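Structure at a glance
Letter by letter, the chains look like this.
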Amino acid sequence: MNRHAIAVRDLSFAYPDGTLALDGVSFDAVHGESVAVVGANGAGKSTLLLHLNGLLTPQRGSVDVGGTPVARDTLPEIRRTVGMVFQDPDDQLFMPTVAEDVGFGPLNLGLPPEAVAARVASALQRVGAEHLAERPPYRLSGGEKRAVAIATVLAMEPDVLVMDEPSSGLDPRARRRLLGLLKGFDQTRVIATHDLDLAAELCTRTIVMAGGRVLADRPTADVFADDALLEAGGLERPLGMRSCPVCGTEPARSGTPQK
Amino acid sequence: MSTIAAGLSALDRLDRLARLDTAVHRVDPRAKVITTAVFVVCVVSTGKYDLLGLLPFAVFPVVLAAEGDLPLGFLGRLLLMASPFALVMAAFNPLFDREVVAWLGSVPVTGGWISFASIVLRFLLTVAAALVLTATTSFAGVCLALEKLRVPEPLVTQLLLLYRYVFVLGDETRRMAQARRLRSFGRRGRDWRVYGQMLGHLLLRTFARAQRIYLAMKARGFDGSVRVARPLHFGPGDLVFTLGWSALFALFRTVNVPLALGRLVAGVLGIAAGTG
Ligand SMILES: Nc1ncnc2c1ncn2[C@@H]1O[C@H](COP(=O)(O)OP(=O)(O)OP(=O)(O)O)[C@@H](O)[C@H]1O
Ligand SMILES: [Mg+2]
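Thresholds, definitions, all that
Think of each chain on its own: its residues are numbered from 1, step by step along the sequence as written. Going through the entries in the order they are written, you letter the chains from A and number the ligands from 1. Since the coordinates come from a predicted model, pLDDT governs what is reported: local features require at least 70, and pairs of side-chain atoms require 80 or more to be given and counted, while whole-chain, interface and lining totals use all residues. As a rule here, side-chain values cover all heavy atoms of the structure and leave hydrogens and water aside. Salt bridge criterion: a side-chain nitrogen from Lys or Arg within 4 Å of a carboxyl oxygen from Asp or Glu. Counting from the N terminus, the helices are DSSP H or I runs at least four residues long and the strands are E runs at least two residues long. Note on classification: 1.4 Å probe, protein chains only; a residue is buried when its accessible area is under 20% of the maximum for its type, exposed when over 50%, partly exposed between these limits. Nearness of a residue to a molecule or strand requires only that one of the residue's heavy atoms be within 4 Å of it. In the analysis that follows, any N or O atom pair within 3.5 Å is treated as a polar contact, provided that within protein one partner can donate a hydrogen and the other can accept it, and provided that, for residues neighboring in sequence, both atoms belong to side chains. All residues other than Ala, Val, Leu, Ile, Met, Phe, Trp, Tyr, Cys, Pro, Asp, Glu, Lys and Arg, Gly among them, are scored as polar; the first ten of these are nonpolar and the last four charged. Pairs of strands are assigned from DSSP output, requiring at least two bridges between the strands. Crossovers are marked right-handed if the path from the first strand over the helix to the second runs clockwise, as seen with the strands pointing away from the viewer. Axis definition: a line fitted to C-alpha atoms, over the contacting stretch in the case of helices. Angles run 0 to 180 degrees between N-to-C directions. Every residue pair with non-hydrogen atoms within 4.5 Å of one another is taken to be in contact. Donor atoms (N, O, S) are those found within 2.8 Å of the metal centre, with the cutoff raised to 3.2 Å for Na, K and Ca; water is not part of the atom list, so apparent gaps in a site can occur.

**Let's talk about the pattern of salt bridges**
Taken as a whole and assessed by the stated rule, the structure comprises 15 salt bridges over all chains. Across the pair B:Arg220 and A:Asp101 runs a salt bridge, and its minimum N-O distance is 2.8 Å. With B:Arg220 in the loop between helix H10 (192–219) and helix H11 (236–254) and A:Asp101 in helix H4 (residues 98–108), the pair connects residues from two separate chains. Here B:Arg220 and A:Asp101 have matching classes, each one buried. For B:Asp28, the salt bridge goes to B:Arg30, with nearest N and O atoms at 3.0 Å. Look at B:Arg30 and you get buried, because its relative accessible area is 16%. Here the residues in one salt-bridge network are A:Glu33, A:Arg205 and A:Asp217, joined through shared partners.

The structure is reproduced here in structure tokens:
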């Protein structure tokens, strides 16, 4: 069995106020793959991601993670498998201190206190936030909150990582660190982002969404070379793949994925 | 709005004080919670007209605050912030209870005024003790102690979440007030209709955020109980702390210490006068 694969079939979802946020979305992600989900504001990226660990229930279609359909009775297992970083870190942090927040998930997994402490320490260290351990999360800067939010998910050691805008609000060095961190994973990763350079650098495949539908699902290099597609998706080429505005040279193929 | 901000920053400061490391901070949270509970019961159950008997109780918050390196000015300001509640609660006593029970020189003192002072004093004492408890234990520590003391878990979880929610509400309020100020250019936009709309909007916003936080908790395996891994150790020192203070409170409660002291002094003086 392939624990890390994701299969989404004909997924549709409308919010209670009638907004049709997803309209027949299908895609697959195989074990260890890194997939970017891009698209304009309101395209439905966050809504799609919320389905991947069962926080929203499909109104039509299905979501499978590692061969298990996401349904009410499989939720505990799904949530152990899929770790989710939310778009707004303020939503993710709710315990009195950073360390307790990072330890929240592992404790819910039923780990003994020493194992939890070890996971907390290593997760905080990986995102470079050891020094924040005893601070209350609601008093951190935006980027610090983001780093801690990522640590809360890493501490659960999920098989699949789902991230909504992981790089927004990070300073260049923290963003670099995040890139390195994400590159180092062998989990399946689904990353919704407006940071197209991040997508270009990290993801082998890119899904372009618009109006709740999948506009394209292709290798990242193809997507970012297709100006008509980008235009339709309300996107622009990543900076790293544009020709130089000063000297006019064509881009080096540095933007191609390295995996 | 600024009072909300002030309240929040006070809560925040209490929590930061709780991270100090003094002998009082190191006492097991359970010992402090039990002792404070005994304190509150003794203070609250003291007789309605027994003003003098209450005074010795002040020893507890004062000693703990001093030993715990807490800034007395800050605690005093918090007490002042809370005192209007006490005044309101006690306000009617002087009106209803006009029987003269004592004379201060030639000024008649009614039972109403004495019970008024007693209510205010009891309120201040209990609030001071609660503040000192929080500032030496942290809110989370208090919750943890409650859980370990077998207080029903849903209640403790509610308390913890409520505390988090207060900050959420405060932050949303601050952000909205700021957004309004930035675009209302002085006086315009300050009318009541706008405030009404803002209030409605604020409720919806906090509701939406609370819902998203709940989602995030579920995503990390929340099943109705907040688990905290903090090893607690209840040592002999903690036992002495609890029993010592509790015995003192019991003494204050059964013997009117100032009165007894007064009688003793008067007795000694009387004997001296009688023999002299
Ligand atoms: N709680 C909600 N209630 C009603 N409609 C919603 C809700 N959340 C999102 N929507 C709507 O659903 C659609 C998809 O929203 P979604 O948040 O998935 O977009 P997104 O691609 O993540 O956008 P962004 O890039 O801005 O984060 C939008 O039209 C949005 O207005
Ligand atoms: Mg989004």
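Resuming the write-up.
**Remarks on the site of ligand 1**
Residues and elements named next belong to chain A. Contacts to ligand 1 come from 14 residues, most closely from Gly-42, Lys-45, Ser-46, Thr-47 and His-194. A distance of 3.2 Å separates an oxygen atom of ligand 1 from a polar atom in the backbone of Ala-43. Examining the composition of the shell around ligand 1, we find that three residues originate from one element, helix H1 (residues 45–52), more than from any other. Grouping the amino acids of the shell around ligand 1 by side-chain chemistry returns four nonpolar, eight polar and two charged.

**A closer look at the pairing of strand S7 (residues 160–164) of chain A**
Residues and elements named next belong to chain A. Counting buried positions along S7 yields five of five residues, so the element is predominantly enclosed. Burial of the side chains of S7 extends over both faces: Val-160, Val-162 and Asp-164 are buried on one face and Leu-161 and Met-163 on the other. For strand S6 (residues 82–85) and S7, the ladder comprises four bridges, and the chain directions are parallel. Across the sheet, Gly-83 pairs through a bridge with Leu-161, a residue of S7. Judged from the five bridges that link them, S7 and strand S8 (residues 188–192) form a sheet pairing that is parallel. Within S8, the position partnered with Val-160 by the bridge is Thr-188. The parallel pair S7 and S8 is bridged by helix H7 (residues 172–183), and the resulting crossover is right-handed.

**Points about the sheet that holds S8(A)**
All names here are of chain A. Spatial ordering of the open sheet is given by S6-S7-S8-S3-S9-S10, a layout of six strands whose pairing is mixed. Single-partner strands in this sheet number two, and they are S6 and strand S10 (213–219). Ignoring strand direction, the axes of neighbouring strands in this sheet form an average angle of 15 degrees. Both strand S9 (residues 205–210) and S10 contribute to a ladder of six bridges, which runs antiparallel. Across the sheet, Ile-207 pairs through a bridge with Asp-217, a residue of S10. In the packing of helix H6 (residues 142–154) onto the sheet, contacts are made with S6 and S7, and the angle to S6 comes to roughly 170 degrees.

**Describing the coordination of the magnesium ion (ligand 2)**
Residues and elements named next belong to chain A. Ligation of the magnesium ion (ligand 2) by protein atoms is provided by Ser-46 (OG) and Gln-87 (OE1), these donors lying 1.9 to 2.3 Å from the ion. Of the two residues, Ser-46 sits in helix H1 while Gln-87 sits in the loop between S6 and helix H3 (89–92), which places them 41 residues apart along the sequence. Judged by relative accessible area, Gln-87 falls into the partly exposed class, the value being 40%.

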